[in-house]
Structure formats: structure tokens, C-alpha cells
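What follows is the residue order along each chain.
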Amino acid sequence: MTDPIDCLVVGAGPAGLTAALYLARFRLSVRIVDAGESRCAIIPRTHNQPAHPGGIPGAELLARMAAQLADHGVTVERGTVDSLARADGDLFAAPGIRARAILLATGVANHRPRMDPAEHDRAVAVGRIRYCPICDGYEVIDRRIAVLGTATHGIDEARFLRSFSADVTLIAPDAPHALSDEDRRKAADAGIALVDGPCAPLTFDEDAIAVPTPAGTLRFDTLYPALGSAIRSELAVVLGADATEDGCLTVDEHQRTSVAGLYAAGDVVRGLDQIAHATGQAAVAATAIRNDLAARRPPPPPRLTATPPPRQDGAAWPISSSSPPATDRAGSPPSRCCRSPALPFCTA
């Protein structure tokens, strides 16, 4: 039987990679397993992530984050964690792994429009299909925008995009629109055109994305599917974790689920589906994991001669005169890093 590790991180998107980095720097034993399905990987270029003038492709951002994690001796393991269970008291068991804590950063999967899969991916790569108006509404200012959806969710997304363009059309994907009188009033007040479905499979070319409808084929500069998503929370729900009706995991202010030792961060938790938000949640979760584990079992004294693993770029780690000595770690309480007297510890 394998020795238990401190934490298993499931998912290597921005949330999982950030949490694993924090955990490694807390000198906890951590493994991170990823199935290679992060939504971040298909972002052509994100402009909302700070410190990247001109933006950065999602795949490049993930690669940089993984390289930074590897500097700390942790590499992403490709695979799927298809089950979690309780084992030996406070431990969790996954295939081939036992862990004292689990962090789920499994994200969500968008429901896609009817379209050839390869064509869909190419359309996303060139910006004909976009999934996040918060992320890239700025890039479609004054363009012809289609929103594929209906009901209140579709109306809300179309109204959000109306602040970027006067030319917004809401198209029902499968049938005539299912809109209340109130939704129709909101669309009219915002100047949003309504087109009934059903739509045939979408196509695109270098100039536009084409949406075949009963009223004819309509062409737009870009299309936003508002079709919802599947929340990848099954591993936690099977363990008894509380979730919303649509499957988002319910967590406290430190990203703890209702199952002791099980944490969640990123899009699998209800909140703003943004990279910056996911990484912030991950930092909170990792710190909570460190402090919760220390409360259960104080960390062992460090080896005074221990050095960090070599960096991937071959450079030496910088030495800061303000860094605390290694011996401060032994039996240390949760670190005081909040200025408010009402918040004496990060995760107390």
C-alpha cells in the first residue's frame, strides 16, 4: 500500500496549477492529475489576465504555470481520476493514491452548438465562436454578434453583450423561442433581435459564422453559445458534498466543501468563471489545506540542509534577507498575513 500524500489535486487548469504551486511551497507532498480538458487550453488569447500586455494564449499560460510548478519538483500527471472514496479514517483513496486532503479543480464543460467538432475548434481559434463575454466582449465592440440560446439565460447574455455592440441577435437553437413576456420586453428595450430556431449545424468561413435558421441563413462576425455547461462535480457529490441544483459545489469562505478534507476551487464552484478568480480561490484553498492539515498533525522539523529542487531554467533560487529561517516551520501555527484584527489568520 502506498504511503499517503498530503494532497491530491484533480485538474490542472489555472486553479489546480495555482493550488499545487502553493502546496508545494508550503512543503507539502502533492500530486496533480489532469485529463487534458481544461477550457483554458482552447482560449486563443486572453487579455484579462494581468501582467500579459497584448494577451496570452490559454495553452501558453497553462504551460508557463506547469513549468513554474515543475520548478518546485511537482509535474502534472496525465490521467483521469474516476473515483474517490474514504479510506483509513481521515484519508481519501483514488486509484493508486491515498491522500490526507483532496482539492477538486475539475471545472466545467461547455455545451457546444451543433457543428462539426473540428470546424468548431477552428472557429474558436479564430474568434468566430466565443464562450465568455466577460473575457472577450471588448474584442467584439461594434461587431455583428449572435447569441445562441433562449429563455432568461439567453436574454441575460444578449443584454450583457449589448453594451459592446448595437447589433446583437438572440437565436433559439432547437425550436421557437421560449420567452416570457418580460424577457421579450427586455429584448425589445435593449434593441436585441429575436430569431426562432431550430438551427441547422453552423458553418464558418474567413469572413463570418453562418447560422441556418427557418428565416434563412444569417451571418455574424462572432457567435456566443448560451447553452449552459456540465459541472464536473461528480467525484465530490458521490462523497456526499453539497452542491447547487446545477451541480456547482458549495464551499465556505476557505473553499472547504461540506465533506471534511475535501476542497474545491475554480469553475466547479459557483462564482465568476474567470482565470483570476479561479487562481484566487486556489490560493485560499491551498492555505486552508496547509492550516487544516497542520492542526491535525503538526509538520515535522525541516532538515536544515534542505534545498529546493533545481529550477527548470537552471538558475539559482534567489535568497531574500527577509525570508524566515527554515526552523520557523516546525510546529508553526497558521500564518498571520491579514491586516484586519477581525481576521487574525488566513484560514482560522
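Check the entry above for the structure.
As a starting point, this report considers the structure included with it. (Residues numbered from 1 in each chain as written. Predicted model: local features only at pLDDT ≥ 70, side-chain atom pairs only at ≥ 80, totals over all residues. Heavy atoms only, no water.)

## Digging into the pairing of strand β6 (residues 97-104)
So, step 1. A large share of β6 lies buried, amounting to eight of its eight residues.
So, step 2. Pairing analysis gives five bridges linking strand β1 (residues 5-10) to β6, with the strands arranged parallel. Bridge pairing links L8 to I102 in β6.
So, step 3. Looking at chain direction, strand β5 (residues 91-94) and β6 are connected through three bridges and run antiparallel. Each bridged residue has a counterpart across the sheet, and for A94 the counterpart in β6 is I97.
So, step 4. Here β5 hands over to β6 after two residues, with G96 in that stretch at a positive phi of 75°. (Buried < 20%, exposed > 50% of the residue type's maximum accessible area, 1.4 Å probe, protein only. Helix = DSSP H or I, 4+ residues; strand = E, 2+ residues; numbered from the N terminus. Pairing = 2+ DSSP bridges.)

## Some remarks on the nonpolar core
So, step 1. Membership of the largest hydrophobic core comes to 33 residues, with the highest contact counts inside it found for V9, L23, I32, L103 and I289.
So, step 2. For this core, the secondary structure elements donating two or more residues are β1, α1 (14-25), β2 (30-34), α2 (58-70), β6 and α8 (275-296).
So, step 3. When residues of this core are assigned to their parent elements, the largest contribution, eight residues, is made by α8.
So, step 4. Excluding anything up to four places from it in sequence, I289 contacts C7, L23, A101, L103 and Y263. (Core = buried A, V, L, I, M, F, W, Y, C linked by side-chain atoms within 4.5 Å. Contact = heavy atoms within 4.5 Å.)

## What about the pattern of salt bridges?
So, step 1. Taken as a whole and judged by the stated rule, the model has 20 salt bridges.
So, step 2. Between R78 and D34 there is a salt bridge, and its shortest N-O distance comes to 2.6 Å. Of this pair, R78 sits in strand β3 (residues 76-78) while D34 is found in strand β2, placing the two residues 44 residues apart along the sequence.
So, step 3. Its relative accessible area of 63% is what places R78 among the exposed residues. (Salt bridge = Lys/Arg side-chain N within 4 Å of Asp/Glu carboxyl O.)

## Observations regarding the sheet that holds strand β12 (residues 209-213)
So, step 1. With respect to topology, three strands assemble into an open sheet ordered β11-β12-β13, the strand pairing being antiparallel. In this open sheet, the two strands that pair with only one neighbour each are β11 (203-204) and β13 (216-220).
So, step 2. Of the pairings in the sheet, the one linking β11 to β12 comprises two bridges and is antiparallel in character. Residue pairing across strands places F204 opposite I209, the latter belonging to β12.

## Regarding unusual backbone geometry
So, step 1. Omega for the peptide link from G197 to P198 comes to 10°, which places this bond in the cis form.
So, step 2. In this fold, P198 is placed in the loop between β10 (193-195) and β11.
So, step 3. The phi dihedral of D142 is positive, around 65°, even though this residue is not glycine.
So, step 4. Given the relative accessible area of 65%, D142 is considered exposed.
So, step 5. A positive phi angle is found at A151, which is not glycine, with a value near 60°.
So, step 6. Within the secondary structure layout, A151 lies in helix α5 (residues 151-161).
So, step 7. For A151, a relative accessible area of 29% puts it in the partly exposed group.

Geometry only, nothing functional implied.
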